Amino acid sequence: MTVSDNADRLPPGGPGDGSVPVTAAQGADYASQWQLMWWRFKRHRLAVISALVVLGIYFVAIFAEFLAPLPPNQTSTRHTYAPPQAVGFLVPDENGGTRFQPHVTGYKVEIDPIAIRRTFVPDDTKVIPIGFFVASDPYLLLGFIPLQTKFIGPVNKDDPFYLLGADRLGRDMLSRIVHGARVSMSIGLVGVFVSLFVGVLLGGISGYYGGFVDDAIQRTIEFLKAIPTIPLWMGLAAAIPQNWSPLMVYFLITVLISLIGWTSLAREVRGRFLSMKTEDFVAAAKLDGAGEVRIILRHMAPSFLSHIIATLTLAIPTMILAETALSFLGIGLRPPVVSWGVLLQEAQNVRAVATAPWLLLPGLSVVVAVLSLNFLGDGMRDAADPYAD
């Protein structure tokens, strides 16, 4: 139902100008496409919760230096494979009672007579107070803002503080997971945007021109999709020189992941363009003198932008899993770069996992991020469906 169909039924002044109340039906008649999408999205409770989780993960990734208690590569030989410390809130006071003080207990080392190895046990006699906005060593937030404050940490910065335990070099797992979110989640975003550009461009050209150009692009897509994904990535990643800097490796891994991610989107864009290139608005743009690239990017692509956004949201988890798999196999990102896949390399050794099961916690981060992005993508896909009620 259009605005003109309702014009003779509405009171003078029109809905939305403050002169008359607006009913839900009238609001839907006059709402934009984005408003309708937002109203449908809000009804999807799981997608809304997932959106908040995703925003929280990206917030942690952006401000990783401030939120992580310790630098990600700071080692401590005295605390190799130190177990997670439990947080307490009450400590004894001078009068024989208790007072509120968030804290963790220190460690004491014992020798396991059966396994003949060192083990850590909590030392209840050593209380380590923790607080918010505590002093720390100097660092640069976002690479250029000098700070000497951490969001959370021990009041005395020299005290051991391992809420999620430590790895084989005594590095804090919580800090490494927080910093790993920046690399893993950013690869998903950057890879998706590269796939968006390549997929929309090649898919639009394929659907708009047809003929030989369409056949060439579609055969290329079929060739890429016919190659098993993991062996293809392994072959491409093996060509990365060992002496490249971590930044160059990060850039190239992002490009490699994007080489496969654009194929599905390009096919979807091609199908839409095939159905739209005979529409009146395309013919009007041609008669108005618009160039072919402008018609593709400014007229045809925005007409199903909501569908593209939903597709990209569902593609981000694939990119994250691809980076995690490559880094876990040792052919992706490499130390000193910190990503969730790099952290999971520590969990390849069964003996290490049996000794320190908290090394698997980066995998839990991957699961939470991927599930949240998938639920968010489902909600956006349903909200963008033009046939949804």
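This section reports on the structure supplied with the text. Since this is a predicted model, take the numbers as computed values, not measurements.

### Focus on the pattern of salt bridges
So, step 1. Counted under the stated rule, the structure contains eight salt bridges.
So, step 2. One salt bridge connects arginine 182 with glutamate 65, and the closest N-O pair in it is separated by 2.6 Å. Linking arginine 182 in helix α6 (residues 173-209) with glutamate 65 in helix α5 (residues 64-67), this pair joins segments that are 117 residues apart in sequence.
So, step 3. Arginine 182 gets classed as partly exposed once you look at its relative accessible area, which sits at 27%.
So, step 4. We note a salt bridge from aspartate 214 to arginine 270, for which the minimum N-O separation is 2.7 Å. Separated by 56 residues along the polypeptide, aspartate 214 in helix α7 (residues 211-226) and arginine 270 in helix α9 (residues 246-276) bring together distant segments of the chain.
So, step 5. With a relative accessible area of 8%, aspartate 214 lands in the buried category.

### Regarding the environment of leucine 163
So, step 1. On the secondary structure map, leucine 163 appears in the loop between β4 (145-154) and α6.
So, step 2. The spacing of leucine 163 and valine 104 is 59 residues in sequence and 8.5 Å in space, taken between C-alpha atoms.

### Brief notes about the nonpolar core
So, step 1. Counting residues in hydrophobic clusters, the biggest one holds 54 residues, and the most contacted among them are Met185, Ile253, Phe273, Leu333 and Trp340.
So, step 2. Dropping the residues within four chain positions of it, methionine 185 is found in contact with Ile57, Tyr58, Ile320, Trp340, Ala369 and Leu373.
So, step 3. Counting residues in hydrophobic clusters, the runner-up holds nine residues, among them Val104, Ile130, Phe161 and Val178.

### As for the environment of lysine 277
So, step 1. Tracing the chain through its elements places lysine 277 in the loop between α9 and α10 (280-287).
So, step 2. Along the backbone, lysine 277 and isoleucine 296 are 19 residues apart, and their C-alpha atoms lie at a distance of 9.4 Å.
So, step 3. Not counting chain neighbours up to four residues away, the residues in contact with lysine 277 comprise Gly207, Tyr208, Val282 and Met300.

### Things to note about the packing of helix α4 (residues 45-62) against α6
So, step 1. Running from amino to carboxyl end, α4 crosses α6 at an angle of 115°, the nearest separation of the two axes being 8 Å. The hand of the α4/α6 crossing is left-handed. The residues of α6 that touch α4, namely those facing Ile57, Tyr58, Val60, Ala61 and Ile62, are Val178, Ala181, Arg182, Met185 and Leu189.
So, step 2. Taken together, the residues of the contact of α4 with α6 sort by class into nine nonpolar, no polar and one charged.

Conventions adopted
Residues numbered from 1 in each chain as written. Predicted model: local features only at pLDDT ≥ 70, side-chain atom pairs only at ≥ 80, totals over all residues. Heavy atoms only, no water. Salt bridge = Lys/Arg side-chain N within 4 Å of Asp/Glu carboxyl O. Helix = DSSP H or I, 4+ residues; strand = E, 2+ residues; numbered from the N terminus. Buried < 20%, exposed > 50% of the residue type's maximum accessible area, 1.4 Å probe, protein only. Core = buried A, V, L, I, M, F, W, Y, C linked by side-chain atoms within 4.5 Å. Contact = heavy atoms within 4.5 Å. Axes fitted to C-alpha atoms, helices over the stretch in contact; angles between N-to-C directions. Left-handed = near helix turned anticlockwise from the far one by under 90°. Nonpolar A, V, L, I, M, F, W, Y, C, P; charged D, E, K, R; others polar.

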